[in-house]
Amino acid sequence: MKEFKTLMVLDKFKGLFRIVGVDYIVMRKILQVKLTMDGRRVPTAIGNSWKKNNEQEKKDSNSFIKSLWLYMILGAIMIPIVMHGENYIFQMSLIFAILMFMVMSTLISDFSYVLLDIRDRNIIFTKPVDSKTLNMAKAVHVFIYMLFLTTALAGPALITSIIKHGILFFLIFLLEIILMNLLIVVITALIYILILKFFDGEKLKDIINYVQIALSMVIALGYQLVGRIFNVIDINVIFVPKWWQYFIMPIWFGAPFEVILNRNYNTFFVVFSALAVIIPIISIAIYIKLTPVFERNLQKLNNNTSKGEKGSKKFINAISNIICSSKEEKAFFTFASNIVKNEREFKLKVYPSLGFSIIFPFIFIFNTLRSTGWSNIASSKMYFTIYLCAILIPTLIMMMKFSGKYKAAWIYKVLPIKETASIFKGTIKAFMIKLLIPLFIIQSIIFIKIFGFRIFDDLILVLLNMLLYVVLCFKFTKKALPFSESYEAAQQGEDVVTTFALMMLLGGLALIHFLCTFSSFGVYIYILAMICIDMVAWRKVFAI
Amino acid sequence: MNSNQEPIITIKDLKMNFGKKEVLKGINLEVHEGQIIGYIGPNGAGKSTTVKIILGLIEGYTGEIKILGQDISNNNIEYKKKIGYVPEIAEIYDTLTAREYLTFIGELYGLEQGRVDNKAQRLMKIFGIEEVYDSRISSYSKGMKQKVLIISSLLHNPDILFWDEPLSGLDANSVMVVKEILSELASKGKTIFYSSHIMDVVEKISNRIILIKDGQIVADGSFQELKDNCMEGSLEEIFNQLTGFNDHKSIAQEFVAIVQEGE
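What you see is a predicted model; the values in this text were computed from it and never measured.

(A) Representation of the interface of chain A and chain B. Facing the 26 residues of chain A at the interface are 24 residues of chain B. Summing both sides of the interface, chain A and chain B together bury roughly 2600 Å²; the carbon and sulfur share of this comes to 61%. In this structure, glutamate 107 of chain B engages lysine 29 of chain A in a salt bridge whose closest nitrogen and oxygen atoms are separated by 3.1 Å. For the side of chain A that touches chain B, the elements supplying multiple residues, two or more each, are α3 (24–38), α5 (54–58) and α10 (119–124) of chain A. Per-element accounting of the side of chain A that touches chain B gives the leading share, seven residues, to α3 of chain A.

(B) Highlighting the pairing of strand β8 (residues 191–195) of chain B. Residues and elements named next belong to chain B. Among the five residues that make up β8, five are buried, leaving the element largely enclosed by the rest of the structure. Because side chains alternate across β8, one face comprises the buried residues Thr191, Phe193 and Ser195, and the other comprises Ile192 and Tyr194, equally buried. In this structure, strand β3 (residues 36–40) lies alongside β8, joined through four bridges in parallel fashion. Bridged to isoleucine 36 within β8 is isoleucine 192. Pairing of strand β7 (residues 160–164) with β8 involves five bridges; the strand directions are parallel. Bridging from a neighbouring strand, tryptophan 163 pairs with tyrosine 194 of β8.

(C) Region of interest: the sheet that holds strand β4 (residues 62–67) of chain B. Residue and element names in this part refer to chain B. Read across the open sheet, the four strands follow the order β2-β1-β4-β5; overall the sheet is antiparallel. Taken across any chain shown, the strands that pair with only one partner, and hence form the sheet edges, are β2 (21–31) and β5 (70–71). Here two bridges tie β4 to β5, and the two strands are oriented antiparallel to one another. Directly across from isoleucine 67, in β5, lies its bridge partner glutamine 70.

The rules we used
- Along each chain, residue indices are assigned from 1 in the same order as the chain's sequence is written.
- Following the order in which they are written, the chains are lettered starting with A and the ligands numbered starting with 1.
- Only residues with pLDDT of 70 or above have their local features reported here, since the model is predicted, and side-chain atom pairs are shown and tallied only from 80 upward, although totals for entire chains, interfaces and linings are computed over all residues.
- Excluding hydrogens and water, the side-chain values take into account all heavy atoms of the structure.
- Only heavy atoms matter for contacts: two residues are in contact if any of them lie within 4.5 Å across the pair.
- What gets called buried area is simply the loss in accessible area from a 1.4 Å probe that two parts show on being joined, summed for both.
- Salt bridges are defined as contacts in which a side-chain nitrogen from Lys or Arg sits within 4 Å of a carboxyl oxygen from Asp or Glu.
- A run of H or I in DSSP counts as a helix once it spans at least four residues, and a run of E counts as a strand once it spans at least two, with each numbered from the N terminus.
- Exposure is judged per residue with a 1.4 Å probe applied to protein chains only, and the accessible area is read against the type maximum: over 50% gives exposed, under 20% gives buried, and values in between give partly exposed.
- A strand pair is defined by DSSP finding two or more bridges across the two strands.

Okay, here's the thing in structure tokens:
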């Protein structure tokens, strides 16, 4: 097994662990094994965009450590905030808000497995290892990553702070980051205890899943925001302390700068500062008290007592009767809608794109809104941005063939299925009903609110065009049976050229539509044509 | 058998509740050196729970458990050095290779790395899976994983073995080998406590059978004693009788009837 530099550094603190009664040698062994195993997995949020080639995969390389530079770029957002003047309470509260959000959501999405690994208990605790050592090993394991993560995230801001505000500022900043980390680990653990107390393990996994999805989106949007942060936030606000701010943690961490550096001894700021120091320390004490409770509740992770709801089944059943032509197709429609609903890995891959397709059409409208007014937009042809929600389609079609449980695809082989067309049709229809259509309907309602009822015909045409686009995407991407390949295979994925070509295709469809709006009956003729084309396309293309 | 010696395992009035459900309703047991105990019972009777309590995995029981004369309740971990455990569900760090996993486990038992490595490799060789010693466990078949688990429970030459379903996934030849290993170990003075659902295996290799039902021991004795008490021929029949299960025929008929229903 590999020797880790981190552990060599840890060796320096050997004495400290011995004092609290931890068997250091055993703890080190556990950590070594843990870090080795971490080297063999991919972090979720950033792992999505992280392409590995096969040779690399063979070697153990902790892809989290490798992806740290991405966090560093994100951390650069905070440089201008630190640089900007000496309105410390506002600047630093904002910085701690960003840091707390990033660290906490990364902790939940990427390191929950450390806190929630129930194998530890069965494998290690049955050996002569006392619980203090095992729990300390877990805590140190999480803390090692927190240290790397916060160093990367806060590093740029920390360095800027020395240059801009001097060494005292830097030291306060550093100390507070450590306090913040302690607080976050404890809060996360407490949240888990709370969730596990009232719900079962499946619910907790769902919640972690949604945090992962949110984090993937925030990171992707974060890069867009780097340059614009000052357009969005007016940093020269005058800060007025209010009682409710006692509950906003980032403000606690902003206050000490105000008290120590600006000598502002306002009672509010002094109390905030006190909270920033005292609460993390108290919470650690609570955490140590609660660890046994945590361990006990963890056993619930394996219990799945919850039962599926029946209500939506009826709905899916009714829909499938309308839109599916054969029994087989109907079966696959139901099957695929269940997978969309239940498979977390699928959600993790697809939901961020789903989020983007919700946001993108509006981003363009809001950008224009700054230069022109509402009334100008309402009478314009800006509603064509609704085509941007179709960028979800290529993702859906490409992701269709992947599953975490891809090995279960043997069922396709043993079942007497007449034609593969019904498999594809059923699955794609399920994806559309579950994901695309609801999205489109919501967006259409908002767009009608903005642009008025006059765009109704256009929206119908958009929908028809999207139906064709689905077929085209299917035609021009690699085909494989739904849910039959592993996500690791997705890393090689579709080449950029295909993705780009598909985008152009969408642009083409939108362009024809746009041109049609200039003649009086153009849109209606196009609608009629599309109905025919769609009917033929849906019938022909899936038969392979 | 030296039953006049102090017992290896003593369990007195062991009770355990999960919420409102009473899982164990007072287990009393004394186990002596060199015994092979088959611990059997229907699903959910409390077999695995008993074993998990003994290994410290489940807390909050009442009653007294002594292993090798030591009470296990007061945060004592020394006794675990004498125990080898194969869990019911094959939980294992499967991104590790067998070499990494087995040396790690050995080291947790306080053994020296080089020696464990050597010992583990030789044991793997005997089980015929030496060639995967440096492959990740995630690539193993079910039987191979089970062999690794069995090896991991024996690395430190323990005095007591708790094997929960040790034969699951093994092929017929391997089952024979493991059965022989069990009796060989018992003859060397090891105490073996194992549970299985395969009744003819239990019948053949155990010299004491304990049947547990609804958290209580309903039968305890050698196969011969059980047979004499119950007037039945095989352990399977004894099992059915003592667990009050005799409608397997009608259940099977009903099942097939549903299978054959017209479309």
